[in-house]
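One letter stands for each residue in the lines below.
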Amino acid sequence: MRNLLRNRILQMVFVFTIALATIGAGSTDEKFSSIGHKMMCVCGCGQILLECNHVGCPDSDRMIKELRVQVAAGGSDTSVFNWFVAKYGPTVLAAPIRGGFDNAAWIVPVVVFVFALGGTAFLVRRWKGRHMVAVAGAPSIPYTPENDAVRERIRRETEY
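Residues numbered from 1 in each chain as written. Predicted model: local features only at pLDDT ≥ 70, side-chain atom pairs only at ≥ 80, totals over all residues. Heavy atoms only, no water.

Topic: the overall build of the protein
When you go through the protein residue by residue, the secondary structure sums to 6 helices and 0 strands. The secondary structure elements of the protein, listed N-terminal to C-terminal, are α-α-α-α-α-α. The burial tally for the protein puts 15% of its 160 residues in the buried class. Counting only contacts in the protein whose residues sit at least 6 apart along the sequence, the fraction spanning at least 24 positions is 36%. Approximately 12700 Å² of the protein is accessible, and the part contributed by carbon and sulfur atoms is 65%. (Helix = DSSP H or I, 4+ residues; strand = E, 2+ residues; numbered from the N terminus. Buried < 20%, exposed > 50% of the residue type's maximum accessible area, 1.4 Å probe, protein only. Contact = heavy atoms within 4.5 Å. Areas by Shrake-Rupley, 256 points an atom, 1.4 Å probe, with all protein chains shown as cover.)

Here's what the structure looks like:
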């Protein structure tokens, strides 16, 4: 029993090691596709670089060739992104990359949403509490047929 457990653990460690070693081992085509789908075409069509179907696009072919050269050079994803940002500006990125001021682009919308949600909950709670105080201090009106007549008259007089 103990040997079986030890063998299973060794098998799991072996499989985990192989999986971990092959995670980053992608071909340049996969890297090209991955990076190309994270960048925008700069012709103004607003499409992903590798999916730009703008007829007669003056930029996508040139940018795809530049991307192939950069990927073939063997640089990291970040260095390729930085090269394109330096040449075309940050609008070439489909999503902001991590680090520096770009973190604000990811964090600020979430923080604003949380504050808006909290503020709305606070406001609703405050309004609800204000209504409860007003009702608690008001005299209670018992249900009688005469009150129904008054309510009906109020309803008619306040109709548009």
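Still more to cover.
Thoughts on the environment of Val42
Tracing the chain through its elements places Val42 in the loop between helix H2 (28-36) and helix H3 (60-72). A relative accessible area of 29% places Val42 in the partly exposed class. Sequence spacing of Val42 and Cys57 is 15 residues, and the spatial spacing of their C-alpha atoms is 9.5 Å. Not counting residues within four places of it along the chain, the set of residues in contact with Val42 comprises Asp59, Met63, Tyr88 and Val92.

Brief notes about the pattern of salt bridges
If charged atoms from side chains of opposite charge come close, those side chains can pair. All chains considered together, the criterion is met by 7 salt bridges. For Glu152, the salt bridge is made with Arg155, and the minimal N-O distance between the two is 2.5 Å. With a gap of 3 residues between them, Glu152 and Arg155 both fall in helix H6 (residues 145-157), about one helical turn apart. Across the salt bridge formed by Arg155 and Glu159, the nearest N and O atoms sit 2.4 Å from each other. Judged by relative accessible area, which is 48%, Glu159 ranks as partly exposed. (Salt bridge = Lys/Arg side-chain N within 4 Å of Asp/Glu carboxyl O.)

Quick word on the packing of aromatic side chains
All told, the structure shown has 2 aromatic pairs when counted by the stated rule. Each ring, one from Trp83 and one from Phe84, has its centre 5.0 Å from the other, and the planes form 80°; the classification is edge-to-face. With a centroid separation of 6.0 Å and an interplanar angle of 20°, the aromatic rings of Phe84 and Tyr88 are classed as stacked. Linking Phe84 with Tyr88, this pair stays in helix H4 (residues 77-88), spanning 4 residues, or about one helical turn. Each member of the pair Phe84 and Tyr88 is classed as buried. These aromatic residues form a ring-pair network of at least three members: Trp83, Phe84 and Tyr88. The side chain of Arg68 reaches across the aromatic face of Phe32, ending 4.1 Å from its centre. (Phe/Tyr/Trp six-rings, centres within 6.5 Å; stacked < 30°, edge-to-face > 60°. Lys NZ or Arg CZ within 6 Å of the ring centre and 35° of its normal.)

Thoughts on H2
Those residues of H2 not exposed but buried are Phe32, Ile35 and Gly36. All buried residues of H2 fall inside an arc of 95° around its axis, so they share one side. Lining the buried residues of H2 we find H3 and H4. (Arc of directions from axis to C-beta.)

Digging into the confidence of the model for the protein
Per-residue pLDDT for the protein has a mean of 83; in total, 87% of the residues score no lower than 70. Taking the mean pLDDT of every element in the protein, the minimum, 77, falls on helix H1 (residues 2-23) and the maximum, 91, on H3. (pLDDT = per-residue confidence, 0-100.)

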